[in-house]
Amino acid sequence: MRYWLMKSEPFKYSWDDLVAEEEGTWDGVRNHRAKNNLAAMEVGDQVFFYHSREGLEIVGICEVSVAGIMDPTDPEGKWAAVKVKPKTKLPHPVTLKQIKAEPKLADCELVKLSRLSVAEIKPDEWSVICAMAGI
């Protein structure tokens with residue numbers, strides 16, 4: 001199993017939207033590294049759900065339910081997508097400010113590649129962030 005972080009602007013698609021849908025399609029990504037990360041995902045991988053622009057915090061954990069699909073918003077079929085299901089709302093959302101202040105997360109893709117919308121999270125980083133969230 002691998003770990004990931006996916007960003008979404010909450011006014012466009014929030015954690016609550018995913019919970020209401022019960023399963024959401026992660027599409028519309030138009031960055032090659034993010035596309036490669038989506039393509040590398042497998043069913044069962046765990047994903048932090050991050051609110052970008054507003055909040056700037058990890059608010060929940062979802063799980064990849066369908067992997068290896070083409071982005072339905074791409075008529076040329078070049079871009080990847082996955083489906084995710086919500087698992088857990090974090091008891092204590094973890095802010096970007098907290099993540100940047102934690103030395104163990106200095107090399108995290110969320111910090112190093114701040115504009116990347118789909119980032120890989122190393123297992124040790126995942127554990128640190130989960131502890132910060134109270135889970």
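Residues numbered from 1 in each chain as written. Predicted model: local features only at pLDDT ≥ 70, side-chain atom pairs only at ≥ 80, totals over all residues. Heavy atoms only, no water.

With respect to the side chain of Asp 71
Structurally, Asp 71 can be placed in the loop between strand 4 (57-70) and strand 5 (80-95). Within the local environment of Asp 71, its side chain forms a polar contact with the side chain of Arg 30, the two groups lying 2.8 Å apart. A distance of 2.6 Å separates polar atoms of two side chains, one belonging to Asp 71 and the other to Thr 73. In this view, Asp 71 contacts Asp 27, Gly 28, Val 29, Arg 30, Trp 79, Ala 80 and Ala 81; residues no more than four positions away in its chain are not counted. (Helix = DSSP H or I, 4+ residues; strand = E, 2+ residues; numbered from the N terminus. Polar contact = N/O pair within 3.5 Å; in protein donor to acceptor, adjacent residues only side chain to side chain. Contact = heavy atoms within 4.5 Å.)

A few points about the pattern of salt bridges
Note on pairing: side chains with opposite charge can pair once their charged atoms come close. A complete count under the given rule lists eight salt bridges for this structure. Between Arg 30 and Asp 71 there is a salt bridge; the shortest N-O distance is 2.8 Å. Residue Arg 30 is located in the loop between strand 2 (24-26) and helix 2 (32-40), and its partner Asp 71 is located in the loop between strand 4 and strand 5; the two are separated by 41 residues in the primary sequence. Take Asp 71: its relative accessible area is 2%, and that puts it in the buried class. (Salt bridge = Lys/Arg side-chain N within 4 Å of Asp/Glu carboxyl O. Buried < 20%, exposed > 50% of the residue type's maximum accessible area, 1.4 Å probe, protein only.)

Things to note about the sheet that holds strand 3 (residues 46-51)
To summarise the sheet geometry, strands pair through backbone hydrogen bonds and adopt either a parallel or an antiparallel arrangement. As summarised here, the arrangement of the six strands in space is 2-5-4-3-1-6, forming an open sheet in which the pairing is mixed. A strand with exactly one partner marks an edge of an open sheet, and here the two such strands are strand 2 and strand 6 (118-121). Between one strand axis and the next, the sheet turns through 40 degrees on average, direction left out of account. On top of the sheet, helix 5 (residues 123-133) reaches strand 1 (3-8), strand 3, strand 4, strand 5 and strand 6; it is set at about 45 degrees to strand 5, its chief contact. (Pairing = 2+ DSSP bridges. Axes fitted to C-alpha atoms, helices over the stretch in contact; angles between N-to-C directions.)

Points about the environment of Lys 83
Following the sequence through the fold, Lys 83 ends up in strand 5. Residue Lys 83 is classed as partly exposed on the basis of its relative accessible area, which comes to 29%. When the C-alpha positions of Lys 83 and Lys 7 are compared, they lie 14 Å apart, and in sequence the two are 76 residues distant. Among all residues touching Lys 83, those that are not within four sequence positions of it are Glu 23, Gly 24, Thr 25, Glu 63, Val 64, Ser 65, Val 66 and Ile 69.

Some details on the packing of aromatic side chains
Working definition: an aromatic ring pair is given by the centre-to-centre distance plus the angle between the planes. Applying the stated criterion across every chain yields a total of six aromatic pairs. Measuring from ring centre to ring centre gives 5.4 Å for Trp 26 and Phe 49, while their planes differ by 90 degrees; the resulting arrangement is edge-to-face. Taken together, the positions of Trp 26 in strand 2 and Phe 49 in strand 3 put the pair 23 residues apart, joining distant regions of the chain. When its relative accessible area of 7% is taken as the criterion, Trp 26 is described as buried. Using a relative accessible area of 0% as the deciding quantity, one classes Phe 49 as buried. Ring plane angle 20 degrees and centroid distance 3.7 Å describe the contact between Phe 48 and Trp 126, whose orientation is recorded as stacked. Taken together, the residues Phe 48 in strand 3 and Trp 126 in helix 5 connect sequence positions 78 residues apart. The class for Phe 48 is buried, based on a relative accessible area of 0%. (Phe/Tyr/Trp six-rings, centres within 6.5 Å; stacked < 30°, edge-to-face > 60°.)

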